[in-house]
Amino acid sequence: VAHREGYTSVVYRTDGTVHTFKTRDFNGWTMPTEEALMGSADGCAPLDSPEPNVLQIGNHWKLAQMYDVNHFSFSARQQEGQQRNKAATAMIFRNTGSTHPGPRFDYNAWGEVPTYSVSPPLFGARTLEIDHWRIRQMDATHLSITHENGNVARIFRSDGTVHGNNPSFSGYA
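Since the structure is predicted, the reported quantities are computational estimates derived from the model, not experimental observations.

## Remarks on the sheet that holds strand 10 (residues 133-137)
And then number 1: With respect to topology, six strands assemble into an open sheet ordered 8-9-10-11-12-13, the strand pairing being antiparallel. Only two strands of the sheet have a single partner each, and these edge strands are strand 8 (122-124) and strand 13 (162-163).
And then number 2: As defined by bridge partners, strand 9 (residues 127-130) adjoins strand 10 across four bridges and the pair is classed as antiparallel. Bridge assignment links Leu128 to a residue of strand 10, and that residue is Ile135.

## Here we look at the packing of aromatic side chains
And then number 1: Counted by the stated rule, this structure contains five aromatic pairs.
And then number 2: Ring geometry for Tyr67 against Tyr107: centres 4.7 Å apart, planes inclined by 80 degrees, an arrangement best described as edge-to-face. Placement of Tyr67 in the loop between strand 4 (61-65) and strand 5 (71-77) and of Tyr107 in the loop between strand 7 (99-104) and strand 8 is noted, with a sequence separation of 40 residues between them.
And then number 3: When the centroid spacing of 6.3 Å and the interplanar angle of 45 degrees are considered together, the rings of Phe72 and Phe93 count as tilted. One end of the pair, Phe72, is in strand 5; the other, Phe93, is in strand 6 (residues 87-94), with 21 residues separating them in the sequence. Here Phe72 and Phe93 have matching classes, each one buried.
And then number 4: The lysine or arginine in question, Lys62, covers the ring of Trp110, its NZ or CZ lying 4.2 Å from the ring centre.
And then number 5: Positioned above the aromatic ring of Tyr172 is the side chain of Arg134, whose terminal nitrogen or guanidinium carbon lies 4.1 Å from the ring centre.

## Let's talk about the pairing of strand 9
And then number 1: The alternating pattern of strand 9 places Thr127 and Glu129 and Leu128 and Ile130 on opposite faces, both of which are buried.
And then number 2: In this sheet, strand 9 lies alongside strand 8 in antiparallel orientation, the contact comprising three bridges. The residue of strand 9 that forms the bridge with Leu122 is Glu129.
And then number 3: What sits between strand 8 and strand 9 in their antiparallel hairpin is a turn of two residues, with Arg126 showing a positive phi close to 55 degrees.
And then number 4: Hairpin connection, strand 9 to strand 10: the antiparallel pair is bridged by two residues, and Asp131 has positive phi, about 50 degrees.

What counts, and where the lines are drawn
Residues numbered from 1 in each chain as written. Predicted model: local features only at pLDDT ≥ 70, side-chain atom pairs only at ≥ 80, totals over all residues. Heavy atoms only, no water. Pairing = 2+ DSSP bridges. Helix = DSSP H or I, 4+ residues; strand = E, 2+ residues; numbered from the N terminus. Phe/Tyr/Trp six-rings, centres within 6.5 Å; stacked < 30°, edge-to-face > 60°. Buried < 20%, exposed > 50% of the residue type's maximum accessible area, 1.4 Å probe, protein only. Lys NZ or Arg CZ within 6 Å of the ring centre and 35° of its normal.

Structure follows, in C-alpha cells:
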C-alpha cells in the first residue's frame with residue numbers, strides 16, 4: 001500500500017507474509033515498467049465476473065469479502081515454482097476493526113468460495129466498494145478499509161504509518 005508522494009506503508013507478499021514499515025521502496029507509483037492505469041484491462045477480471053464480491057488485481061491478487069459480510073481478505077496465488085505453490089492469505093480484516101495477518105491458508109479467494117452478492121465491486125469518488133466493505137481515500141493523506149458498520153479495520157497514512165480503528169476515518173461517513 002503506497003502513497004503517491006512516495007511512502008509505502010505495507011507490502012503484502014504472495015507467500016502470505018505482511019511487511020509493515022515506512023519505506024520508499026515497493027512504491028507502485030514509481031515502479032511500473034508498463035502502463036498500469038492507461039485503460040488496459042489485461043490481467044484484471046471483468047466486473048461481471050462470476051465472483052461478484054471479488055476484485056482481481058493482476059494474475060496473483062484478489063480482494064474479496066469472504067464467507068459472510070464480516071470478513072474481507074487480501075489473497076494471493078503464488079507464482080509457479082515457488083515454495084508451497086498454493087494460495088496464501090496475506091491479511092484478513094474483520095468487521096470488528098481487527099486485522100489478522102498471514103501467512104494463512106484460510107479465507108482465500110483463490111481456493112475458497114467468497115460470499116455471494118447481486119452487485120459487482122463498485123467504484124465511486126476515491127472509493128472501491130465490495131458489498132459491505134469500502135476502501136476509500138479519505139483525504140490527501142489517509143486511505144481506510146471500513147466495514148459498513150463503521151468499524152475501520154486499517155488506516156494507511158501518506159507518511160508510511162499504519163493505524164487501527166478510528167471511526168473518524170470511516171469510509172461510510
